[in-house]
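Take a look at the letters that make up each chain.
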Amino acid sequence: MNTIATASQQLAFRTLTEALLAAPAEHAFVTMWNNEDNVHTTTFREFTRWAYLQAAYFREQGLQPNETVILIMPQGVALMTAFVGAILLGAVPAILAYPTFKVEPSKYRFGLSGVSANLKAKLLVVDASFPQDLLEYIRVGDLCKLVCAVASPDPAAEVGFAPRAYDPRQLAFIQHSAGTTGLQKGVALSHAAVLRQLGHLTAALEITTGDRIYSWLPLYHDMGLIACFMLPMVSHLHVVMQSPTDWVMRPASMLRLISEHRCTIAWVPNFTLQFLARRVDVEDRKEFDLRSLRALINCSEPVRAASMDEFKAAFSACGLRPEALQSSYAMAENVFAVTQSATNRSGMPRRVWVESQAYYRDHVAVPVAENSSGSLCLVSSGECIPGNEVRVVSEDGCDLPHGRVGEILIRSDSMLEGYYNRPDLTSEALRDGWYWSGDLGFCLHEDLYVTGRKKDLIIVGGKNIYPQDIEEIVSSHPAIQDGRALACGVFDPELGTESIVVVAEVKDENQLQDPLPVEQAICNAIVAELGVAARGVYLKPPRWIVKSTAGKAARSTTREKLLAEHPELSSG
Amino acid sequence: MTKQQQQMIDYIGAKVIRRPGMQIEVDTPLVSSGLIDSFALVDILSKLEQITHMRIPVGKVQAKDMDSVRSMFATAARVGKPL
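Residues numbered from 1 in each chain as written. Chains lettered and ligands numbered in written order. Predicted model: local features only at pLDDT ≥ 70, side-chain atom pairs only at ≥ 80, totals over all residues.

Peer 1: Got a minute to help me understand the overall build of chain B in this structure?
Peer 2: Helix and strand counts for chain B come out as three helices and two strands. The order of α-helices and β-strands along chain B, N terminus first, is α-α-β-α-β. Taken against the 2.2 N^0.38 rule, which gives 12 Å for 83 residues, the C-alpha radius of gyration of chain B at 12 Å falls within 12% of a compact globule. A principal-axis box enclosing the C-alpha atoms of chain B has dimensions of 35 × 25 × 20 Å. Counting across all 83 residues of chain B, residues that qualify as buried make up 34%. Residue pairs at least 24 apart in sequence account for 63% of intrachain contacts in chain B once pairs closer than 6 positions are excluded. (Helix = DSSP H or I, 4+ residues; strand = E, 2+ residues; numbered from the N terminus. Rg over C-alpha atoms; globule rule 2.2 N^0.38 Å. Buried ≥ 20, exposed ≤ 12 C-beta atoms within 10 Å, placed from the backbone. Contact = placed C-beta atoms within 7 Å.)

What follows is the structure in structure tokens.
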């Protein structure tokens, strides 16, 4: 019988090292899938030994406790053991994104240069295949040493290392916030904060030793690092993993791995659901068995009812239980989850239909009957997990009643220690014990509904428009490439308010020879659904919109590109 | 130019660039010139696997390895494994 790994079990561990060392040695920890012929499972014993070898090697290279170490390695057990090896040594690791064929070289170099300069690391750890031409963009200073990690554990090597005891309040690692533009911020987290979060998450999800996690999520992102690496390490669970690029190349592999390994929990950003429903052939779906999946958690992007419904319709025949589709609101600054929908309920996360005019005009969610005319459907991100509280406040920081949209503030016992080397950003974000998230949303009953990013909001004549709502309408036009539309606000001095401008990529460049019918149809659809008119719809060739390393539209960069091509927009 | 390279050029012209009148050659820079962005490489890699009958481990491929049709096939020969 499965025993529940209770919250108290995680809380009993003082450090991540203690949690790892308490794991059942012969149990499988990580199954890494590279392709059908290259799948390898590492037990907790093998993992720990490899991590010790990494720690001993880092110590030989001069790394000291409390010093930072940058890890830039491909997704896999070598990276994971290097990360834990640094922690065993009492050092503070930070994983940065590994360059892949998918990443725009110039954008990657820009991000790498800024993030590495802020970390002031003493050791930079790469793998033997790291592109030499990118190394010059890592600004680590003269005191930093470049080394290759222990690529595979030598079975004959003696493990001459014993982990040191350290204070749970000490920094465990730095994870980077998932910013899509500019420089990401290094979020510094203590052992105690990470363990408290994992304790709460375990309780909220009712994790048992019978659970098995599936992940394609990158380890430099909080969903990949915390939910799919730290959680199984501390709760002693088995995780089945592949790299993000392997998954993007072969999306169906995710469903195959869940089927084969009987995985029970996975986290995905919203776009994954739509992507899988559209990319996986109907014929191939017959081979999947998704009955084991009890929680497929939609997280890290605004949760969309249409995406969840599309996935449910596509994979119900594979045994997917509708109640497996769940949601969560999470952020690196809180280690991970703030809210989680109830995975023990019989249905999907709560939905509310709200009157659209009041929602856009007055920033208030007025519930109306399901599917009623002029309504829009919003999906809850769940209730606060234990140890977490949220408030929704107005511009001037006053608490708003339920149903009123405002900025989401968070208080928890797993909050960041601060942004690494950025006290200015820390004091701006953390005020009187509350973290100002920059996200907008509202509370209704016990649930939190996240509606978008504050900085992305377009305000047209006092009416609040979320770019994601416009983009969903634009993307539904058959001439537009799915997911390749972006809406932004441009100040109109004539009107004294913002105007909506839309840029969208056509599927076929021939359509640009006569763009007017499509532009007009899109304008009409926006007016019909949102009651506001777009000042301009600009159709562009495929791949015109700038994307970030995370695959999301880089809003500010794309907006600048549009304004540069259409200076008339800036001049009003 | 090999038949396979021509097949890839036809595919990129018709399905990726889709710009009427745009000609690409076997050595035309694609990513570094901005003709295609690196996100298009997912589809191009799938096509490359189909044309060469090779499984290409994506972890061993960088954007520069895919910058021209010639370098794509060289990459497939270097890291690919027969299907």
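Peer 1: Quick question: what am I supposed to make of the overall build of chain A here?
Peer 2: The number of helices and strands found in chain A is 17 helices and 28 strands. Its C-alpha radius of gyration of 24 Å places chain A within 12% of the 25 Å reference for a compact globule of 572 residues. When its C-alpha atoms are laid out on the principal axes, chain A stretches across 70 × 55 × 55 Å. Across the 572 residues in chain A, those meeting the buried criterion constitute 51%. In chain A, 70% of the contacts between residues at least 6 apart in sequence involve partners at least 24 apart.

Peer 1: I keep staring at helix α4 (residues 77-88) of chain A and nothing clicks. Help me out?
Peer 2: A turn of α-helix holds 3.6 residues, and therefore any two residues three or four places apart point the same way. In this model α4 of chain A runs 16 Å from its N-terminal to its C-terminal C-alpha over twelve residues, within 8% of the 16 Å that 1.5 Å per residue would give. Taken from the residues just after α4 of chain A, G90 of chain A is the one with a positive phi, measuring 85°. (Expected span 1.5 Å × (residues − 1).)

Peer 1: Even after reading the chapter, I still don't get the domain arrangement of chain A, so can you show me in this structure?
Peer 2: Many descriptions give the size of an interface as the accessible area lost when the pieces come together. All names here are of chain A. Here chain A is described as being made up of domain 1 (7-249), domain 2 (351-454) and domain 3 (457-569). The C-alpha-based centres of domain 2 and domain 3 are spaced at 26 Å. Across the boundary between the two partners, domain 2 contributes eight residues, which contact nine residues of domain 3. Sorting the residues of the side of domain 2 that touches domain 3 by element identifies α13 (356-362) and β23 (447-453) as the ones contributing at least two each. Per element, the largest residue contribution to the side of domain 2 that touches domain 3 is three residues, and it comes from α13. (Domains from an automatic or database assignment.)

Peer 1: Even after reading the chapter, I still don't get the sheet that holds strand β10 (residues 238-241) of chain A, so can you show me in this structure?
Peer 2: Taken in spatial order, the nine strands make up an open sheet running β2-β1-β10-β9-β11-β12-β13-β14-β17 (chain A), and their pairing is mixed. The sheet is open, and its two borders are formed by β2 (38-43) and β17 (383-384) of chain A, each paired with just one other strand. (Pairing = 2+ DSSP bridges.)

Peer 1: When you look at the interface of chain A and chain B in this model, what are you seeing that I'm missing?
Peer 2: The interface of chain A with chain B comprises 23 residues on the first partner and 22 residues on the second. No other element matches helix α9 (residues 244-249) of chain A, which puts four residues into the side of chain A that touches chain B. Looking at the side of chain A that touches chain B, its residues break down into ten nonpolar, six polar and seven charged. (Nonpolar A, V, L, I, M, F, W, Y, C, P; charged D, E, K, R; others polar.)

Peer 1: How do you make sense of the environment of Q197 of chain A when you look at a structure like this?
Peer 2: All names here are of chain A. With respect to the helices and strands, Q197 occurs in helix α7 (residues 191-205). On the neighbour-count criterion, Q197 (28 C-beta atoms within 10 Å) is buried. Each C-alpha atom of the pair Q197 and W50 lies 26 Å from the other, and the pair is 147 residues apart in sequence. When neighbours within four sequence positions are excluded, Q197 is seen to be in contact with V335, F336 and S414.

Peer 1: Explanation requested: the pairing of β23 of chain A in the structure shown.
Peer 2: Each regular strand shows side chains that alternate between the opposite faces of the sheet. Residues and elements named next belong to chain A. Within β23, five of the seven residues are buried, which leaves the element mostly enclosed by the surrounding structure. Judged from the six bridges that link them, strand β22 (residues 434-444) and β23 form a sheet pairing that is antiparallel. Considered in β23, the bridge of F442 is made with Y449. As consecutive antiparallel partners, β22 and β23 are separated by two residues, and within that stretch H445 has a phi angle of approximately 55°, a positive value.

Peer 1: Hey, could you run me through the packing of helix α11 (residues 270-279) of chain A against helix α12 (residues 305-315) of chain A in this one?
Peer 2: The description of two helices packed together rests on the angle between their axes and the distance between the axes. Residue and element names in this part refer to chain A. Interaxial distance between α11 and α12 falls to 8 Å at its minimum, and their mutual angle equals 35°. When the axes of α11 and α12 are compared, the crossing they make is left-handed. Judged by residue contacts, N270, L273, Q274, L276 and A277 of α11 engage S307, M308, E310, F311 and A314 from α12. (Axes fitted to C-alpha atoms, helices over the stretch in contact; angles between N-to-C directions. Left-handed = near helix turned anticlockwise from the far one by under 90°.)

Peer 1: It is not clear to me how the environment of G111 of chain A should be interpreted in this structure. Could you clarify?
Peer 2: Structurally, G111 of chain A can be placed in helix α5 (residues 105-119). Placed 273 residues apart in sequence, G111 of chain A and C384 of chain A show a C-alpha to C-alpha distance of 33 Å.

Peer 1: Please explain the environment of L409 of chain A as it appears in this structure.
Peer 2: As for its placement among the helices and strands, L409 of chain A is situated in strand β19 (residues 406-412). Excluding anything up to four places from it in sequence, L409 of chain A contacts V390, R391, V393, W434, Y435, W436 and S437 of chain A.

Peer 1: What exactly am I supposed to notice about helix α15 (residues 467-475) of chain A here?
Peer 2: Among all positions in α15 of chain A, only P467, D469, I470 and V474 of chain A are buried. In a view along the axis of α15 of chain A, the buried residues occupy a sector of 160°, so they form one face of it. (Arc of directions from axis to C-beta.)

Peer 1: Got a minute to help me understand the packing of helix α3 (residues 44-60) of chain A against α4 of chain A in this structure?
Peer 2: Residues and elements named next belong to chain A. One can describe the packing of α3 onto α4 by two numbers: an axis separation of 7 Å at closest approach and a directional angle of 60°. Relative to α4, the element α3 lies oblique. α3 and α4 meet at a crossing whose hand is right-handed. Residue-level contacts link F47, W50, A51, Y52, Q54, A55 and F58 of α3 to V77, T81, A82, V84, G85, A86 and L88 of α4. Tallied by class, residues from the contact of α3 with α4 come to eleven nonpolar, three polar and no charged. (Parallel < 35°, antiparallel > 145°, perpendicular 65-115°, else oblique.)

Peer 1: Can you help me understand unusual backbone geometry in this one?
Peer 2: Residue and element names in this part refer to chain A. Located in the positive-phi region is R262, a residue other than glycine, with phi close to 55°. Since 14 C-beta atoms lie within 10 Å of it, R262 is described here as partly exposed. At H445, a residue that is not glycine, the phi angle is positive and equals roughly 55°. Following the sequence through the fold, H445 ends up in the loop between β22 and β23.

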